[in-house]
Amino acid sequence: MPILTIEGNGPLDGNVVISGAKNAALPCLTACILSAEPVTLLNVPQVEDIKTMCTLLRELGMVVEEDGDRVYVDGGPISSHSTRYDLVKAMRASILALGPMLARLGRAEISLPGGCAIGSRPVDFHIAALKKLGAEITLEHGNIEASATKLYGADIYFDKVSVTGTENLMMAATLAAGTTIIRNAAQEPEIIDLASLLRAMGAKIDGDGTSTINIHGVESLHGATHSVIPDRIETGTYVCAAAITAGHLRIERCLPNHLSRFLEQMHRAGLEFEVGSDFIEVLPHKGLSANDVQTQPHPGFPTDMQAQYMAVMTQAEGRTLITESIFENRFMHAVELKRMGADIRIDGHTALVTGPSLLSGTDVQATDLRASASLVLAGLVADGQTIIHDIQHLSRGYDRLDEKLVLAGARIERSAI
Ligand code: UD1
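No experiment lies behind these values; they were computed from the predicted model shown. (Residues numbered from 1 in each chain as written. Predicted model: local features only at pLDDT ≥ 70, side-chain atom pairs only at ≥ 80, totals over all residues. Heavy atoms only, no water.)

A word on helix α10 (residues 306-313)
Since there are 3.6 residues in each turn of an α-helix, residues three or four apart along the chain are aligned in direction. Note the threshold: Only protein chains enter the area calculation, which uses a 1.4 Å probe; residues under 20% of their type maximum are buried, those over 50% are exposed, and those in between are partly exposed. Note on conventions: DSSP H or I runs of at least 4 residues are helices, E runs of at least 2 residues are strands, and numbering of each starts at the N terminus.
Where burial is concerned, most of α10 is hidden: eight out of the eight residues are buried. Taken together, the buried positions of α10 are Gln-306, Ala-307, Gln-308, Tyr-309, Met-310, Ala-311, Val-312 and Met-313.

Below you can see the structure in the form of structure tokens.
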């Protein structure tokens, strides 16, 4: 099993270049199922979840060629309607194949998904919404079995904002007869990116980026070329890396307007930075202060930044209350941060962080993707060596995180034990 060894060594200083967004590239890849013509995706991050999704598409019979950050997908030869359990188990986003398979093939068999252990994370919204489009869906032996001779547009309200739920439905509705309206839709930049690809493929969609999305079904979709948006969570993670080390970091090829609320909160905590249309330059600071946050669907403070923010607040002066409103079990990193010396009290959905704490390096366990990132951040300022185990979680979603940090002056080594 690979481990990361980090030697805390003071402020970062340098540049990092942001990769494409994993959470945008994943639905873009499954959108390729919808067309018999080839789609080329550019700026795709080189992370494990993308490799898993490419394997899933190949096993459906599709031709997938990965060449650096460019992925060519030909959905012409698709021949299977079922996905392998171990692929779906490895990655919850495999559920994103359900809507497109149903729309293009009229049939889909997919295991109930796994992924990060950050709560029960059901897929009931996906299933209920696809049923409203006319699909017949049964759950048997841990499998979702779905079929539909034809999908029909419908007016659908999500009880809770769901990112992949919105994406699944949006994709299925592109080939449904008539108009689908998605109410209480997710408004994340990744939704807009997927809608842009689908439009380039001939879909008729408007309202993406708002809470009501309209999809007017078409007969078929054609090929396209699309460049995936930069990863806003990777961007935010580097802002945190600069903040926790009081470093100076220029973060390039990002879209700062995709993380406005997060940047606003970092500024409130005392972080200074300059922002351009495609870069953020974090400036050295002389101390951060406590600042409460609550996670919310976009445009609120992202739950995917909560763990990293918590690591930064261990070094801020005062008491920070962090409220997690999206997932019920997303404080696993707190236990490991406490083992490094952080003062954190968990009470249900809230974490009270009192800082600044002197962190000391030790062996810690990565439990999910963003939790792993928070441990890396803590390791950058801990006294001595931090050894992070189970870093496969990190590799699922961060494109060469250790290499990029090393270029900015961090001391990190990847090795196997
Ligand atoms: C996506 C992101 C993930 C991010 C999350 C919230 C991808 C691949 N993953 O996950 O990184 O943390 O959005 O921003 O884009 N829910 C249900 N039933 C459902 C679906 C969701 O109850 O059928 C609940 C979830 O348990 C959670 C909430 O709705 O409490 C939001 O989850 P959702 O937006 O669906 O998360 P994902 O799309 O899985």
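Concerning the state of the cysteines
Stated precisely, the cut-off is as follows: Count a disulfide wherever a pair of cysteine sulfur atoms falls within 2.5 Å.
Summed over the entire model, instances satisfying the criterion amount to zero disulfides. Looking at the unpaired Cys-54, the closest cysteine sulfur is the one in Cys-32, lying at 9.0 Å.

Quick notes on the domain arrangement of the protein
So the rule is basically this: Boundaries of every domain are those given by an automatic assignment or by a domain database. Contacts are assigned to residue pairs that have any heavy atoms within 4.5 Å of one another. The buried area of a pairing is the accessible area, by a 1.4 Å probe, that goes missing from both parts when the two are put together, added over both. What counts as a salt bridge is simple: a side-chain nitrogen of Lys or Arg found within 4 Å of a carboxyl oxygen of Asp or Glu. Any pair of nitrogen or oxygen atoms within 3.5 Å is treated as a polar contact; in protein, a donor-acceptor pairing is required on top of that, and neighbouring residues in sequence qualify only through side-chain atoms on both sides.
Splitting the protein by domain gives domain 1 (2-19 + 230-416) and domain 2 (22-227). Averaged C-alpha coordinates put domain 1 and domain 2 at centres separated by 30 Å. Each partner contributes to the interface: domain 1 provides 25 residues, whereas domain 2 provides 23 residues. Taken together, both faces of the contact between domain 1 and domain 2 bury some 1,900 Å²; the carbon and sulfur share is 51%. Where domain 1 packs against domain 2, one counts two salt bridges. For Asp-49, the salt bridge identified is with Arg-396, shortest N-O distance 2.8 Å. Viewed at the interface, domain 2 and domain 1 are joined by six residue pairs in polar contact (both at pLDDT 80 or more). Of all the elements, helix α13 (residues 392-397) adds the most residues to the side of domain 1 that touches domain 2, at three residues.

A few points about unusual backbone geometry
For the bond from His-298 to Pro-299, the omega torsion is 10°, close enough to zero to count as cis. Gly-355 connects to Pro-356 through a cis peptide bond whose omega is 0°. Considering the arrangement of structural elements, one finds Pro-356 in the loop between β20 (350-355) and β21 (363-365). You will see that Asn-184, though not glycine, has its phi angle at about 55°, which is positive. Position of Asn-184 relative to the elements: it lies in the loop between β10 (179-183) and α7 (189-200). Of note, the phi angle at Arg-253 is positive, near 55°, even though the residue is not glycine. Tracing the backbone shows Arg-253 in the loop between β14 (248-252) and α9 (260-268).

Side note on the nonpolar core
Condition: Only buried residues count toward a nonpolar core. Its members are Ala, Val, Leu, Ile, Met, Phe, Trp, Tyr and Cys residues joined through side-chain atoms within 4.5 Å.
The biggest cluster of nonpolar side chains holds 77 residues, and the ones touching the most others in it are Leu-29, Leu-57, Leu-130, Leu-133, Leu-151, Met-170 and Leu-198. Considering every element that reaches this core, the biggest residue donor is helix α1 (residues 22-31), with six residues. For Leu-130, the contacting residues outside a window of four places in its chain are Leu-98, Gly-99, Leu-102, Ala-135, Ile-137, Leu-169 and Ala-172. Cys-254, Ile-280, Val-312 and Ile-322 belong to the second-largest nonpolar core, a separate cluster that totals 64 residues.

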